[in-house]
Amino acid sequence: NEMTTVLECSNKCLEQDGVMAQASANLNKLVIGCAHAQPHGHVVIVVPGTSGWSNKHKRDLPVVANVGQENWYGRLASYAFPPSMSPVFYCWKGE
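Residues numbered from 1 in each chain as written. Predicted model: local features only at pLDDT ≥ 70, side-chain atom pairs only at ≥ 80, totals over all residues. Heavy atoms only, no water.

### Some thoughts on the state of the cysteines
Part 1 of the argument: The final tally for this structure, using the stated rule, is zero disulfides.
Part 2 of the argument: Not engaged in a disulfide, the cysteine Cys-13 finds its nearest cysteine sulfur in Cys-91; these two sulfurs lie 8.0 Å apart.
Part 3 of the argument: By relative accessible area, which is 11% here, Cys-13 ends up buried. (Disulfide = S-S within 2.5 Å. Buried < 20%, exposed > 50% of the residue type's maximum accessible area, 1.4 Å probe, protein only.)

As structure tokens, then:
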């Protein structure tokens, strides 16, 4: 949750929807997906690929790399976030 709060408050990150997050990652920009939850949230990295519709989240989500209980690369973010967690995506604008 602390990492998500840092991203939410940073003037060096731009919040993006799933389609824009995917477009940014495809341009080799650093894009982080995150969500608050109890007892802890979750963070992923958006990787190059093609965004897609998530029936679980009812919106387009990007392709991500996940590290945690399961480690994988190249699936939609819906595989990393249950329906109870709504991921938000932040693109690093840099210095």
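### Some thoughts on the sheet that holds strand E3 (residues 42–46)
Part 1 of the argument: Spatially, E1-E8-E2-E3-E6-E7 is the arrangement adopted by the six strands of the open sheet, whose pairing is antiparallel. A strand with exactly one partner marks an edge of an open sheet, and here the two such strands are strand E1 (13–16) and strand E7 (72–76). Direction aside, the axes of adjacent strands within the sheet are offset by 35° on average.
Part 2 of the argument: The pairing of strand E2 (residues 31–35) with strand E8 (residues 88–92) spans four bridges and is classified as antiparallel. (Pairing = 2+ DSSP bridges. Helix = DSSP H or I, 4+ residues; strand = E, 2+ residues; numbered from the N terminus. Axes fitted to C-alpha atoms, helices over the stretch in contact; angles between N-to-C directions.)

### Things to note about the environment of Met-85
Part 1 of the argument: Mapped onto the elements of the fold, Met-85 is located in the loop between E7 and E8.
Part 2 of the argument: Distance from Met-85 to Asp-60, taken between C-alpha atoms, is 15 Å for residues 25 residues apart in sequence.
Part 3 of the argument: When neighbours within four sequence positions are excluded, Met-85 is seen to be in contact with Ala-35, His-36, Ala-37, Gly-41, His-42 and His-57. (Contact = heavy atoms within 4.5 Å.)

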